[in-house]
Amino acid sequence: METLIAFSPLLLQGALVTITLALCSVALAIALGGLGAWAKIAGGWFTRSLATVYTTIVRGVPDLVLMLLIYFGGQRLLNQLVRSFGGEGVDVSPFLAGTVTIGFIFGAYLAETFRGAYLAIPRGQVEAARSLGLGKFSALWTVTLPQLIRHALPGFGNVWLVLVKSTAIVSVIGLEDVVGLADKAAKSTREPFLFFLAVIVVFLAITAVSGALFKWLEKRYSQQVAVEEDAKEDGAKPAGGGALAAAR
Amino acid sequence: MSLICGRPPRTTPDPFFDGWGDSGAALALKHWNLFAHGACTTLELTAFALILGLCIAVPAAMALARGTPGAKWLISGYVYVFRGSPLLVQAYLIYYGLSQFEAVRDSIFWPFLRDAYWCALLAFTLNTGAYTTEILRGAIVNTPKGEIEGAKALGLSRFKTTWLIELPSAFRRALPQYSNEIIFMLHGSVIASVITIQDILGVGRTVNAKYYVAYEGFITAALLYMVLTFMIVIAYRQVERKYLAHLIVGR
């Protein structure tokens, strides 16, 4: 227990790295997910097949394989590119590789979530907004988007929880997140059980706090919605976003 | 040392493909026997973990759905911890963590727990067991009331109602979600390579390190995982077609 107290600043620092990584990844995932959903809803033949290839890769290849490929392969590819233009060699940091990988993977899940949320909005609402004289942009901003957020929140919460857990693999390429630092502490103190148990507690804490946050957000975003309608919709919604459910 | 696949083959390259060069697909073909053994190890670990996990999940889900006192807190605690933390950390905890205790090192389980293979299997089993418990619990809770009432009306005992009506019906309802669980266990099994097991990714890393290349091993591994995933998806569709036939006809 004393060792744990002595090392708690280190673990806290690691937890901050984990949270930062998760937030950066989720930002990228939201961008990719938005693009993917847009490609699937409104895209032509080419963009739709591009989106299909994207989801197929994410469904078929485990996260760690993708991450090692991006970290080691991406580094070499980037260096070859930069050198061919006469530049110096560059370093891909584990943080960057981790963000790109996890953002890439969960972008595919979010694309599915966003698409489902978009399809849950009745078409008539946009039509009504347009007929009231709202422009395309303001119809999207004031009518579609707030409802999109409400419909996407439960799925988004699930994806976020899974995303936080999958940041653990970035310790494999040497990022000093909470897992990486605990590994170091475990090796120097020879108390691996204690430190990995502490890591599990850290992850459970992050999960619990963000779970409560999402519950609050969901409540906030469905304030104006009648209770019965909400209950009915929850039953009809595809769990976790159809073909892609949450990974670990 | 794995149960079915046996020892990994020696790293001597296949003489037929040797001399084709040391890059690209030639490198993967040259070591096809390593990758084949890796695929065997991956499938073996995944299959064993799923089967053992199901053995945990069925009684655990029953107890949860029934609200058995005492067992309820224990099981929901287990499910919460294993679903709420990363599989990587669970594997570390078992593989590196347990050896911290002298009691474990002196116990009869030590020959197993010092071996990465058994630790990986234990971690995977507990992990998929927790996820499967949650899936099954949901399916059992959602049993239509009429099915139970029908069983009662037919005079079936409680035991028979469980085994003949409740569980088969719950398994059917759980089938679609369980296919995701299978895929995730397959993908989750890459964690084995982190604790020194030569599964598909482990072989990919070995080949990359040996030839000092960055893509070949990982791309081969990625392709193999993709092929396995889609083979499982296709096979599973057949299973669903068989056991959910009554739903497909209705559509």
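For the structure, check the block above.
In every chain, residue numbers begin from 1 and rise along the written sequence. Chains and ligands are labelled by the order in which they are written, letters from A for the one and numbers from 1 for the other. Whole-chain, interface and lining totals are the exception, using all residues; otherwise, since this is a predicted model, local features are given only for residues with pLDDT of at least 70 and side-chain atom pairs are given and counted only at 80 or more.

Colleague: Before we go on, may I ask you to explain the overall build of chain B in this structure?
Modeller: Looking only at helices and strands, chain B features 13 helices and zero strands. Starting at the N terminus, the α and β elements of chain B follow one another as α-α-α-α-α-α-α-α-α-α-α-α-α. Structurally, chain B occupies a C-alpha span of about 75 × 55 × 25 Å along its principal axes. Secondary structure elements follow DSSP: runs of H or I of four or more residues count as helices, runs of E of two or more count as strands, with numbering from the N terminus.

Colleague: Mind showing me how you'd approach helix α7 (residues 116-141) of chain B here?
Modeller: For an α-helix, the turn length of 3.6 residues means that residues three or four places apart are oriented alike. What a helix should span is 1.5 Å times the count of its residues minus one. Here α7(B) contains 26 residues, and its C-alpha end-to-end distance of 37 Å stays within 8% of the 38 Å for a straight helix at 1.5 Å per residue. In terms of burial, α7(B) is a largely internal element, 22 of the 26 residues being buried. Exposed residues have 12 or fewer other C-beta atoms within 10 Å of their own C-beta, buried residues have 20 or more, and residues in between are partly exposed; the C-beta atoms are placed from the backbone.

Colleague: So what exactly am I meant to see when it comes to unusual backbone geometry here?
Modeller: Residues and elements named next belong to chain B. For Thr196, which is not glycine, the phi torsion reads 70 degrees and is therefore positive. Position of Thr196 among the secondary structure elements: in the loop between α10 (191-194) and α11 (200-211). Given 11 C-beta atoms within a 10 Å radius, Thr196 is considered exposed. With phi around 55 degrees, Tyr212 is a residue other than glycine that occupies positive phi space. With respect to the secondary-structure elements, Tyr212 resides in the loop between α11 and α12 (216-243). The class of Tyr212 is exposed, set by 7 C-beta atoms lying within 10 Å.

Colleague: Can you help me understand the environment of Ala214(B) in this one?
Modeller: In this structure, Ala214(B) sits in the loop between α11 and α12. When the C-alpha positions of Ala214(B) and Gly204(B) are compared, they lie 9.9 Å apart, and in sequence the two are 10 residues distant. Residues contacting Ala214(B), with those up to four places away along its chain left out, are Phe72(A), Gly73(A), Arg76(A) and Asn208(B). Distance between backbone-placed C-beta atoms decides contact: two residues are in contact if it is within 7 Å.

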